[in-house]
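# Structural description and commentary
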Amino acid sequence: MERNSSRDTTALEEPKDQASLEDSSSGPDSGQVHDSSRRKFLVNSGYVLGTLAVGGVISSLFGCAKDGEDNADSSAPADDNKEAAAPNYNRALMYFTQAQFRIVEAATERIFPEDESGPGAKKLGVAFFIDHQLAGDWGFNGRDYMNPPFFAGEKEQGYQGRLKRRELFDIGLRELDNYSQTTHGKGFAELEPDQQDAALKAFETEEVKLTTISAGSFFKMLRSATLEGVYSDPLYGGNLNMEGWRMRNYPGSQMSYLNIIEKDFTKIEPSSLQAHLASH
Amino acid sequence: MAKTLPKTDVVIVGVGWAGGIIASELTKSGLNVVGLERGKERKTEDYYMVHDELRYSMRYEMMQDLSKETITFRSNENIRALPMRQYGSFLLGDGLGGSGVHWNGQTYRFLPYDFQMRSMTTERYGKNKIPEGMTIRDWGITYDELEPYYDKFEKMAGISGEENPLGGKRSNPYPTPPMKKTPSMQMFAEATKKLNLNPYMMPAANLSENYTNPDGVARAACQYCGYCERYGCEYGAKADPVVTVIPVANKTGKFQIRTHSNVRRILHKGGKATGVMYIDVTTGEEIIQPADIVVVTSYVFNNVRLLLMSELGKPYDPASGQGVIGANYAYQVIKGSAVGFFEEKQFNNFAGAGSLGISIDDYNGDNFDHSNLNFLHGGVIALSQTGARPIQNNPVPSGTAAWGAEFKKKSLHYANRTLSIGAQGSSMAFKHHFLDLDPTYKDAFGDPLMRITFDFEDQDRELAKFLAERCSEIMKEMGASHVDYLKELGPYEIMTYQSTHNTGGVIMGAEPGTSAINNFSQMWDADNVFVVGASSFPQNAGYNPTGTVGALAYRAAEGILKYREKGGLLV
Ligand SMILES: Cc1cc2nc3c(=O)[nH]c(=O)nc-3n(C[C@H](O)[C@H](O)[C@H](O)COP(=O)(O)OP(=O)(O)OC[C@H]3O[C@@H](n4cnc5c(N)ncnc54)[C@H](O)[C@@H]3O)c2cc1C
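Since the model is a prediction, treat every value here as computed from it, not as a measurement.

## As for the interface of chain B and chain A
- Of the residues lining the interface, 86 residues belong to chain B; the matching set on chain A comes to 93 residues.
- For the pair chain B and chain A, the summed buried area comes to about 7,500 Å², and 58% of that belongs to carbon and sulfur atoms.
- A per-residue breakdown of the area chain B buries against chain A is headed by Tyr48, Arg85 and Trp403 of chain B, which together make up 13% of the total.
- Residue Asp264 of chain A is joined to Lys345 of chain B by a salt bridge in which the shortest nitrogen-to-oxygen separation is 3.6 Å.
- On the surface where chain B and chain A come into contact, there are 39 residue pairs in polar contact (both at pLDDT 80 or more).
- Of all the elements in the fold, those that place two or more residues in the side of chain B that touches chain A are α2 (53-58), β4 (71-74), β5 (82-83), β8 (218-219), α7 (245-251), β15 (352-360), α9 (405-414) and β18 (434-442) of chain B.
- A total of 5 residues in the side of chain B that touches chain A trace back to one element, the largest contributor, which is α9 of chain B.
- Residues of the side of chain B that touches chain A, tallied by class, amount to 46 nonpolar, 19 polar and 21 charged.

In structure tokens:
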């Protein structure tokens, strides 16, 4: 059964009989409790049913879901083989050098390769995703505790290094290339896929011993960043055209599953956060 | 020089579930209350873009910023504690509503046994059943005495559920009917009945239908969107302090919330608190808020840390076992679980709600005979459908490669063909598990971090194995083609998320000396200080904690009102 719940009319009608935080007859949570900005928000969203405004952010979301989706379709990022589509301006580098980028693209494609079920990390834009992430808070460990003193800890105590993620990537990628040069006389990106697999395996199992960082931890970080790039909302630069979600029948961001929650498996065309952006 | 503000009746430190409930109850009774919350304001409109797994689940959008404050951890006293530099084992709340905003809403009541664990265990099995060094205690309150407060919490939050056939006696049914039953929950119900177990729908704060609570707060029903754990609710369907108790307190005109206000000390003189000192983190200004009554509701770690830094109450000394502040730190043994892979069936795993599930208590508390078992207690076992978001959920059968072609193929194949059954294993207190101030590492203000000394014990290893085996039996009965389950618990580690069910450190009891607070959460050593939260659990039960935290908060509020009238120790 193929079904798109965000366009489903029962879902659209659902809010009508829902009680509201703003219901002026419902006691303490009415009137001045919620400030005027909330009221303005509801008015702006144009979603007031009689005297009863709908609670939560659902109101304006349902009001604009359709617009948003059309919007999403027309501005969908370019796929390699679609001619008429606009260029995807998100696809440029914020952190990596081009050489680093090629290694990341090759390595992540081995972690999540293209096959008969659909695109791999390369087509999905995972290397762009990782590049963009390293350029921000995550790359700088902005919300991690990075104060000294630093001591090597027990395994159970987690990461205790002083290096930030962007530095770990710099070192890890350089070492991956060094290792490829030593074993095959070529850079990692130039190796055959099975040679690349062997190199990654040597890092994963710590057969490769590095002095500054742990090869195994670097591989782990690369692997989890790959999955993040495959499956995060396309707004971050990976999961191109929601193909990552589509391959595993994940519907992305839907406002409601009320109509299928009691049912057997239901295939739903995915929708992204762009569909939630109120039109302005 | 610190600026001193005019005195208020009550100052509350931390406005999450416990702080929010107390603010609402006290202001309704006419007291003037100031709520100091270190984080920012929150509202439902913040969640337009909430279905974002990367931002909320992987980058911890709503959690405490660890660059400013974290905890340190060591497995035992012989090794150096080191900071939790990145998130892992548990996630700390921050901002209005605290963790109450991004919780799942699984809202259980503890069992009667939990509150009288030491005496009931001794009575049934003899005192040798409790191993050397295990410091479990009675709470100084019984289930029956706490029942009316559970009832209050459930009515305020609109908990959806049905009676637990093996639970304590209820004065009223749940205020709203259970959540919807998915096909996998149906399978769990049938399998457990066949195994002569007693399934019941998980009590949920997600709201099965539109509901108006006794305070007049109306909320809409859950849409099963699959984004609860680590997310705020864009419908206001999930009960959280921001959509329930805080607006009620605001409405009275007697509640002043000050966000971005980080409390550093409880000020006191001659066995009574005089107020608190905090920093306005937007300006860096040091401010003193005098108050007649100080309520500490800043979650387990900061409840303990504030008392120790303020030198209020007697610090715990693990060598002698004397002192109380920091004692009886416990957690949850959550890894005893089973994963089932179904070749013949697919499920809507992407849909769900944080507390959409079905549970059994046949292996919880003392609901089964422990005579021939090497552990005490147990845990609730449940199958839940909380929305399997794709970055964090890539289950593959054991033996599958962790990356590459095989991993891709199998992880896609099993994405909607996997179910899991998990347990909230209880966690006992031990003499050598405790919280104290770290001697080395500091927060952004230069104050010492909280230090955790904790590891899993034989008790936990046996319990986890036992629960995993039970989970796996049920999964097999449900018809899974392949079942993987935990074989060895291993040591406690800080990297993997387990649960934000930390407990103890300011425990409740019948007398001073072995406990820090009485059953109104009033400090024995300072009768105008009330410390509320899971910090008061002498050991942790086999359930998620918040139903009980809520009940204790309602009782504490009643105690504060009594204290306001009569003064002195209430017990
Ligand atoms: C992802 C997740 C899922 C969960 N799911 C469940 C569940 O399904 N069922 C369940 O029972 N429990 C669940 N929990 C646990 C639940 O959230 C907590 O038990 C509950 O929120 C505790 O309430 P509290 O008031 O004690 O603390 P909190 O809600 O954490 O509130 C404490 C507040 O104090 C503030 N604060 C701390 N220090 C200071 C200071 N120095 N100065 C000022 N303010 C301060 C914090 O910013 C915070 O707002 C979950 C937790 C998490 C993180």
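## Examining the UniProt feature "domain: Glucose-methanol-choline oxidoreductase N-terminal" (unreviewed entry) in chain B
- When the UniProt feature table is mapped onto this chain numbering, "domain: Glucose-methanol-choline oxidoreductase N-terminal" (unreviewed entry) sits at residues 142-329 of chain B.
- Secondary structure within residues 142-329 of chain B divides into 24% helix and 23% strand; the distance between the first and last C-alpha atoms comes to 21 Å.

## Side note on the packing of helix α4 (residues 98-111) of chain A against helix α9 (residues 215-231) of chain A
Residue and element names in this part refer to chain A.
- At a minimum axis separation of 10 Å, α4 and α9 run at an interaxial angle of 75°. Regarding the angle of α4 to α9, the classification is roughly perpendicular. Side by side, α4 and α9 meet where Ala107, Thr108 and Ile111 of the first sit next to Phe219, Leu222, Arg223 and Thr226 of the second.
- For the contact of α4 with α9, the residue count by class is 4 nonpolar, 2 polar and 1 charged.

## Details of the site of the ligand
Residue and element names in this part refer to chain B.
- Surrounding the ligand, one finds 34 residues, the nearest of these being Ala18, Glu37, Gln106, Asn302 and Thr546.
- Note that an oxygen atom of the ligand is positioned 3.1 Å from one of the backbone N or O atoms of Trp17.
- At the level of elements, α1 (17-28), β10 (261-269) and α8 (299-309) are the ones that each hand at least two residues to the shell around the ligand.
- With 3 residues, the single largest contributor to the shell around the ligand is β10.
- Of the residues belonging to the shell around the ligand, the class tally is 9 nonpolar, 21 polar and 4 charged.

## Digging into the nonpolar core
- Of all hydrophobic cores here, the largest spans 218 residues; its most connected members are Phe169 of chain A together with Ile22, Phe90 and Met478 of chain B.
- Ignoring anything within four residues of it in the chain, the contact list for Met478 of chain B reads Ser184, Met187, Phe188, Ala191, Phe342, Leu383, Leu419 and Ile421 of chain B.
- Within the second largest apolar cluster, 8 residues are counted, among which are Tyr113, Met117, Met134 and Met428 of chain B.

## With respect to the pattern of salt bridges
All names here are of chain B.
- Per the stated rule, a full pass over the model turns up 39 salt bridges over all chains.
- One salt bridge in this structure joins Asp65 and Lys68, with 3.3 Å as the shortest N-O distance.
- Its relative accessible area of 48% is what places Lys68 among the partly exposed residues.
- In this structure, the salt-bridge partner of Arg170 is Glu154, at a minimum N-O distance of 2.8 Å. Note that Arg170 is positioned in the loop between α5 (143-157) and α6 (183-194) and Glu154 in helix α5, a separation of 16 residues in sequence. Exposure class is identical for Arg170 and Glu154. Each is buried.

## Overview of the UniProt feature "domain: Glucose-methanol-choline oxidoreductase C-terminal" (unreviewed entry) in chain B
- UniProt marks residues 439-553 of chain B with the feature "domain: Glucose-methanol-choline oxidoreductase C-terminal" (unreviewed entry), using the numbering shown here.
- Between the end C-alpha atoms of residues 439-553 of chain B the distance is 32 Å, and the span holds 24% helix and 22% strand.

## As for the packing of aromatic side chains
Residues and elements named next belong to chain B.
- Overall, the coordinates contain 44 aromatic pairs over all chains when judged by the stated rule.
- Judged by centre distance (5.7 Å) and plane angle (80°), the rings of Tyr363 and Phe466 are edge-to-face. Here Phe466 lies in helix α10 (residues 458-477) and Tyr363 lies in the loop between β15 and β16 (379-386), a separation of 103 residues in the sequence.
- Its relative accessible area of 12% is what places Phe466 among the buried residues.
- Where Phe454 meets Tyr492, the ring centres are 5.1 Å apart and the plane angle is 80°; that geometry is what we call edge-to-face. Of the two residues, Phe454 sits in the loop between β19 (448-453) and α10 while Tyr492 sits in the loop between β20 (482-485) and β21 (503-505), which places them 38 residues apart along the sequence. An identical accessibility class is assigned to Phe454 and Tyr492; each is buried.
- Linked through ring pairs, Phe73, Phe90, Tyr299, Phe301, Tyr329, Tyr331, Phe454, Phe456 and Tyr492 together constitute an aromatic cluster.
- Its guanidinium or amino end placed over the ring of Tyr125, Lys129 lies 5.5 Å from that ring's centre, counting from NZ or CZ.
- In this arrangement the basic side chain of Arg470 is found over the ring face of Tyr363, its NZ or CZ atom lying 5.9 Å from the centre.

## Details of the domain arrangement of chain A
All names here are of chain A.
- In terms of domain boundaries, chain A breaks down into domain 1 (5-90 + 250-279) and domain 2 (98-234).
- Taken together, the contact between domain 1 and domain 2 spans 4 residues of the former and 4 residues of the latter.
- If you look at where domain 1 meets domain 2, you find 0 salt bridges.
- The interface formed by domain 1 and domain 2 includes 2 residue pairs in polar contact (both at pLDDT 80 or more).

## Comments concerning the pairing of β18 of chain B
Residue and element names in this part refer to chain B.
- The pairing of β18 with β19 spans 5 bridges and is antiparallel. Counterpart to Asp436 in the pairing with β19 is Arg451.
- Counting the residues in the hairpin turn of β18 and β19 gives 5 residues, including Gly446, whose phi is positive at 90°.

Calculation rules
Here the residue numbers are simple positions, counted from 1 along each chain's written sequence. Think of it this way: whatever chain is written first is A, whatever ligand is written first is 1, and the rest follow in order. In view of the model being predicted, local features appear only for residues whose pLDDT reaches at least 70, and side-chain atom pairs are presented and counted only at 80 or more, with totals across whole chains, interfaces and linings using the full set of residues. Side-chain figures throughout are based on the complete set of non-hydrogen atoms in the structure, without hydrogens or water. It only takes one pair of heavy atoms within 4.5 Å for two residues to be counted as in contact. Buried area is understood as the total, over both parts, of accessible area removed when two parts are fitted together, assessed with a 1.4 Å probe. Here, a salt bridge means any Lys or Arg side-chain nitrogen found within 4 Å of an Asp or Glu carboxyl oxygen. We call two N or O atoms a polar contact when they sit within 3.5 Å, provided that within protein one can donate a hydrogen and the other can accept it, with sequence-adjacent residues counted only if both atoms are side-chain atoms. A run of H or I in DSSP becomes a helix once it reaches four residues, and a run of E becomes a strand once it reaches two; helices and strands are each numbered from the N terminus. Throughout this entry, Asp, Glu, Lys and Arg are counted as charged residues, while Ala, Val, Leu, Ile, Met, Phe, Trp, Tyr, Cys and Pro are counted as nonpolar. The remaining residues, Gly among them, count as polar. UniProt positions are given in the numbering used here, feature names are shortened, and annotations may be inferred rather than shown by experiment. Comment: axis = line fitted to C-alpha atoms, over the contacting stretch for helices; angle = value between 0 and 180 degrees taken between N-to-C directions. Roughly parallel here means an angle under 35 degrees, roughly antiparallel means over 145, roughly perpendicular means 65 to 115, and every remaining angle is called oblique. Whether a residue is near a molecule or strand depends on its heavy atoms: if one lies within 4 Å, it is near. Definition of nonpolar core: a set of buried residues of the types Ala, Val, Leu, Ile, Met, Phe, Trp, Tyr and Cys, connected through side-chain atoms within 4.5 Å. Burial classification: accessible surface area is computed with a 1.4 Å probe over protein chains only, and a residue below 20% of its type maximum counts as buried, one above 50% as exposed, and the rest as partly exposed. Each Phe, Tyr or Trp ring (for Trp, its six-membered ring) is paired with any other whose centre lies within 6.5 Å, and the angle between the two planes then decides the class: stacked below 30 degrees, edge-to-face above 60, tilted in between. Working rule: Lys NZ or Arg CZ, within 6 Å of ring centre, within 35 degrees of ring normal, means a charge sits over the ring. Here the limits of each domain have been adopted from an automatic or database domain assignment. Strand pairing is assigned whenever DSSP detects at least two bridges linking the two strands.

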